[in-house]
Amino acid sequence: MLRDFLTELPLIAILRGLKPENAEATGHVLVEAGFRVIEVPLNSPDPFRSIETLAKTMPKDVLVGAGTVLEPELVNGVLDAGGRLIVMPHADTDVIRRAKDLRLVCTPGVATPTEAFAALKAGADAIKIFPAEAIPPAVVKAWRAVLPKDVIVLPVGGIKPDTMRPYVEAGANGFGLGSALFTPSMSVEDIGYNAREFASAWQTLRA
């Protein structure tokens, strides 16, 4: 399921700090740039309301959900808000299992192969390599040698348009994008500009 949303542009927009009143406009400018996966971290202001707004106003081919989901109980709240994606900074198997029990897409954060294999065994749909600043492409390449070939690997943390290529060459399938794409202080125009820059950089890599 996750792979379907990442086919054209395998970039996940991480909207940490998003306010509900800005959710619809921010979502639309990302969708216009080609993004099809949007994540609202739960340590944002009133995140469930932002998720609900995005789930109701984005096209049906956009996957909306939550990041920084730390406890299994929060998964239910995301589902109630209309979210279909659970992203975590850690690899808590209880959270993963709750997400899969509710038929949601789940992408846990891992920092070691041990965590990665445990997350996959629990049902993870993809592996979020976090924080990418501490896990360089050479390490990702080594992981790729032992992970199942069809596993989606997504570095997250400090990714910029000009730092994607080494990770892709090492075997990354896409990226989660944070402050280089969005901060709460950015205008919608700036967010749109950043989104187009990332999308263009990806298309260049594909070419």
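Our subject is the structure listed above.
Here's what I pulled together on the structure shown here. Remember, predicted model here, so these are calculated numbers, not experimental data. (Residues numbered from 1 in each chain as written. Predicted model: local features only at pLDDT ≥ 70, side-chain atom pairs only at ≥ 80, totals over all residues. Heavy atoms only, no water.)

Examining unusual backbone geometry
The step from Phe 130 to Pro 131 runs through a cis peptide bond, and the omega angle for that step is -5°. You can see Pro 131 is positioned in the loop between strand S7 (127-129) and helix H7 (137-144). Phi is positive for Thr 68, which is not a glycine, with a value near 55°. With respect to the secondary-structure elements, Thr 68 resides in the loop between strand S3 (63-67) and helix H4 (72-80). Residue Thr 68 is classed as buried on the basis of its relative accessible area of 17%. Unusually for a residue other than glycine, Arg 103 sits at a positive phi of about 60°. Assignment of secondary structure puts Arg 103 in the loop between helix H5 (93-101) and strand S5 (105-107). Judged by its relative accessible area of 75%, Arg 103 is exposed. (Helix = DSSP H or I, 4+ residues; strand = E, 2+ residues; numbered from the N terminus. Buried < 20%, exposed > 50% of the residue type's maximum accessible area, 1.4 Å probe, protein only.)

Side note on empty space enclosed by the protein
For the coordinates displayed, the defined rule picks out 1 cavity of 30 Å³ or more. Volume-wise, the largest cavity comes out at about 40 Å³. Split into classes, the residues belonging to the lining of the largest cavity amount to 5 nonpolar, 2 polar and 2 charged. (1 Å grid on protein atoms, 1.4 Å probe; cavity = no way out; pocket = protein on both sides within 12 Å on 5 of 7 lines; lining within 4 Å. Points joined across faces, edges and corners; volume = space filled by probe spheres on them. Nonpolar A, V, L, I, M, F, W, Y, C, P; charged D, E, K, R; others polar.)

Comments concerning the sheet that holds strand S8 (residues 153-155)
Taking strand neighbours across the sheet as the criterion, the 3 strands line up as S6-S7-S8 in an open arrangement whose pairing is parallel. This sheet does not close on itself; its edge strands, each paired only once, are strand S6 (109-110) and S8. Where S7 lies against S8, 3 bridges are found, and the strand directions are parallel. Looking across to S8, one finds that Ile 127 is bridged to Val 153. (Pairing = 2+ DSSP bridges.)

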